[in-house]
Amino acid sequence: MALLSDVERALNSFFRVKDLGPDPGFSRFIPGVYDPIGFDWKSAFEPEFNQLFNGFMIRGVGRVRRVFLAVFPTEDVLEAFLDEGDEGDLLFMHHPLTMECGDPRGEWGRGFVPVDGEWWARIREKGLSVYTCHVPMDIHPTIGTNASIVEALEARETDTFFRDQMGAYGRIAEIGEVDTDALIAWLQEIFAIPYVDFEGKKRSNITRIAIVAGCGDVVAAMKEAEEKGAQAYVTGEIHCRVDNDYGRRRFREMMDYVSATSMSLIGVSHAASEFLVMKTQMQRWFERECQVATTLLEQSHWWR
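Residues numbered from 1 in each chain as written. Predicted model: local features only at pLDDT ≥ 70, side-chain atom pairs only at ≥ 80, totals over all residues. Heavy atoms only, no water.

Student: Can you explain helix α12 (residues 245-258)? Please cite residues and give values.
Tutor: The terminal C-alpha atoms of α12 lie 20 Å apart, and with 14 residues this matches the ideal 20 Å at 1.5 Å per residue to within 8%. When we look at burial in α12, the residues that qualify are G247, R250, M254, Y257 and V258. For α12, the buried positions fall inside an angular range of 100 degrees around the axis, keeping them on one side. Those residues of α12 that are exposed and aimed more than 90 degrees away from the buried face are D245, R252 and D256. (Helix = DSSP H or I, 4+ residues; strand = E, 2+ residues; numbered from the N terminus. Expected span 1.5 Å × (residues − 1). Buried < 20%, exposed > 50% of the residue type's maximum accessible area, 1.4 Å probe, protein only. Arc of directions from axis to C-beta.)

This is the structure we're talking about:
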């Protein structure tokens, strides 16, 4: 068991949550999703979260007994947290909103969608806490969504790419020589997914890979990685399959690039690419730094 304030201090310090300032994505997405439906998110969430869009969304009782780890607040994740969690437990997630990214073998998604406010009310009533950490976890050099993939592939990081004012979202890493099919099989095992999304070329001699957890479907980032010698590009999404004008335009842009690239482009699903850090690095971190037990909350479907 740990004091909630100690857990908050450890997380904020390690991921530099306050230093980095407002999350550039969710400072737009949360108002963009909740304001049109009239949900008073500013009253539902903690005041500091409403400024940073990372950190404690909901603050429960003052002692943390167990930390539950997830990526998105899907209904199955929130239901499991409410069923299994006791007063004082904490749900640590990468995203404060759920997202339908689309399935390469199924339906396209709707993008970010609101979480019914009743879920947040029930969590608060039970004395539970919710903390999310998005960009600070994506860019962290040693423990994060991208760092965990480098670790799982037993790779050696040599460079970064896909940078903005917050930091680098992409890693270039060296691995033992492998062909595309063997790499795909390896990734399916690591991420526990039934299939990948694939575009580009099959390669027989992959030794340098580019890694971008989550939304890696950015042509400029792919071109940068290829210029830095990457032969394979491993990401959550190689296509934006959001069923609107924006998603269809992004899909066309990617298909134009696909015909010209020499890389193997491999998508392992947005959710699975970012859950890896939870079941490896963050599980160890919470148990070591906070001396609390952990429980993994997997989504019922990685591709959705």
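Next comes the rest of the description.
Student: Summarise the pattern of salt bridges; cite the residues concerned and give the values.
Tutor: Applying the stated criterion across every chain yields a total of 20 salt bridges. Across the pair E8 and R59 runs a salt bridge, and its minimum N-O distance is 2.9 Å. Of this pair, E8 sits in helix α1 (residues 4-14) while R59 sits in the loop between β2 (55-58) and β3 (63-64), and the two are 51 residues apart along the sequence. K228 is the salt-bridge partner of E224, the closest N and O atoms lying 3.9 Å from each other. K228 sits in the partly exposed class, given a relative accessible area of 29%. Residues joined by salt bridges that share partners form a network here, namely E8, E46, R59 and R124. (Salt bridge = Lys/Arg side-chain N within 4 Å of Asp/Glu carboxyl O.)

Student: Give me the lowdown on the UniProt feature "binding site: a divalent metal cation" (unreviewed entry) in the protein, citing residues and values where you can.
Tutor: With numbering matched to this structure, UniProt assigns "binding site: a divalent metal cation" (unreviewed entry) to H94, H95, D138, H270 and E274. The annotated residues occupy 181 residues of the chain but converge on a single region, no pair of C-alpha atoms lying more than 12.6 Å apart. Cross-referencing the annotated residues with the largest cavity identifies H270 as lining it. With respect to the element layout, H94 can be found in the loop between β5 (90-93) and β6 (98-100). Looking at H94, the relative accessible area reads 0%, which means it is buried. Among residues more than four places away in sequence, those in contact with H94 are A70, V71, T132, C133, H134, M137, D138, T145, E274 and M278. What makes H95 buried here is its relative accessible area of 1%. (UniProt positions renumbered as here; feature names shortened; annotations may be inferred. 1 Å grid on protein atoms, 1.4 Å probe; cavity = no way out; pocket = protein on both sides within 12 Å on 5 of 7 lines; lining within 4 Å. Contact = heavy atoms within 4.5 Å.)

Student: I'd like a rundown of the nonpolar core, residues and numbers included.
Tutor: If you look at the biggest cluster of nonpolar residues, it comprises 84 residues, and the most contacted ones within it are L91, F92, W120, M282 and F286. Ranked by residue count, the leading element in this core is helix α13 (residues 270-290), at 10 residues. The residues touching F92, leaving out its near neighbours within four places in the chain, are L11, V67, F68, L69, A70, Y131, C133, M137, M278, M282 and F286. Counting 16 residues, the second-largest nonpolar core is a separate cluster that includes F161, A230, Y233 and L265. (Core = buried A, V, L, I, M, F, W, Y, C linked by side-chain atoms within 4.5 Å.)

Student: Tell me about the sheet that holds strand β10 (residues 168-178), residues and numbers included.
Tutor: Pairing is mixed in the open sheet, where six strands are placed in the order β9-β10-β12-β13-β14-β11. Unpaired on one side and paired on the other, β9 (156-163) and β11 (197-200) mark the two borders of the sheet. Mean inter-strand twist for the sheet, computed between neighbouring axes without regard to direction, equals 25 degrees. Here strand β12 (residues 206-215) runs beside strand β13 (residues 232-237); their pairing, made up of five bridges, is parallel. In the strand pairing of β13, I209 is matched with A232. In the packing of helix α10 (residues 180-191) onto the sheet, the strands contacted are β10, β11, β12, β13 and β14 (264-267), and the crossing angle to β14 comes to about 15 degrees. Running at roughly 100 degrees to β12, α13 makes contact with β12 and β13 of the sheet. (Pairing = 2+ DSSP bridges. Axes fitted to C-alpha atoms, helices over the stretch in contact; angles between N-to-C directions.)

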